[in-house]
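Fold and contact review
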Amino acid sequence: MLALFTGKGTATAMITLQEFHIEKYFDFVVTGNDVVKHKPSSEGLLKIMEHFALMPDELLMVGDAVSDVKAAHEAGVKIAAVMWDSYAKEKVLQMKTDFVFNDTKGFQDWLDAQFN
């Protein structure tokens, strides 16, 4: 299962997913229009856990922003910080994260090791 939790509104999120031809990869999408409390609230993560009937230890948040790390902490889920395009890299690196990836290859290698 792969879900997306973005602060973008529904229309903008769908434009982005369609532009990159990746909408088909997501089983569930939670946008800024689907939550009352935006990141750093964990509301979107809680919706994903509820949708798939998951416990916090069955979810991994992948994000690049301080608000992503805070949302993961609030939900009690692990967080993988991806730093290849983070606009707040230094701040994110100062936070407690479970994993840090500096490039897409390192992240892909880790995913391959986890699921193969």
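In the block above lies the structure referred to throughout.
Below is a summary of the structure that appears in this document. Model, not experiment: these values are computed from the prediction. Each chain has its residues counted from 1, running along the sequence as written. Note on the predicted model: pLDDT of at least 70 is required for a residue's local features to be given, and 80 or more for side-chain atom pairs to be given and counted; whole-chain, interface and lining totals, by contrast, use all residues. Calculated side-chain values reflect all of the structure's heavy atoms, with hydrogen atoms and water omitted.

1. Concerning the pattern of salt bridges
For this document, the term salt bridge refers to a Lys or Arg side-chain nitrogen within 4 Å of an Asp or Glu carboxyl oxygen. Throughout the structure, instances matching the rule amount to two salt bridges. Across the salt bridge formed by D109 and K105, the nearest N and O atoms sit 2.9 Å from each other. In this pair, D109 and K105 are both assigned in helix α5 (residues 104-115), four residues apart and thus about one turn of the helix distant. We classify D109 as partly exposed; its relative accessible area is 38%. Numbering of helices and strands runs from the N terminus; a helix is a DSSP stretch of H or I covering at least four residues, while a strand is a stretch of E covering at least two. For every residue, the accessible area obtained with a 1.4 Å probe (protein chains only) is divided by the maximum for its type, and the residue is called buried under 20%, exposed over 50%, and partly exposed between those limits.

2. A closer look at a nonpolar patch on the surface
Patch rule: a residue counts if its relative accessible area is over 30% and it has no salt bridge; like charges are joined within 9 Å, and nonpolar side chains (Val, Leu, Ile, Met, Phe, Trp, Tyr) within 5 Å. Note that accessible areas follow from Shrake-Rupley with a 1.4 Å probe, and for residues the cover is restricted to the protein chains shown. Together, L2, F20, I22 and Y25 make up an exposed nonpolar region whose accessible area comes to about 410 Å². Structurally, Y25 can be placed in the loop between α1 (10-19) and β2 (28-30).

3. Observations concerning the sheet that holds strand β4 (residues 78-82)
Taken in spatial order, the three strands of this open sheet run β3-β4-β5, and their pairing is parallel. Looking at the sheet topology across the chains shown, the edges are occupied by β3 (60-63) and β5 (99-101). Geometrically, the sheet is characterised by an average inter-axis angle of 20° between neighbouring strands, direction not taken into account. In short, DSSP must find at least two bridges between two strands for them to pair. As defined by bridge partners, β3 adjoins β4 across four bridges and the pair is classed as parallel. Along β4, the bridge assignment pairs M61 with I79. Across the sheet, α5 lies against β3 and β5, angled at about 135° from β5, the strand it touches most. In this analysis an axis means a line fitted to C-alpha atoms, helices contributing only their contacting stretch, and an angle means the value between N-to-C directions, from 0 to 180 degrees. Contacts between residues were defined by any pair of non-hydrogen atoms, one from each residue, lying within 4.5 Å.

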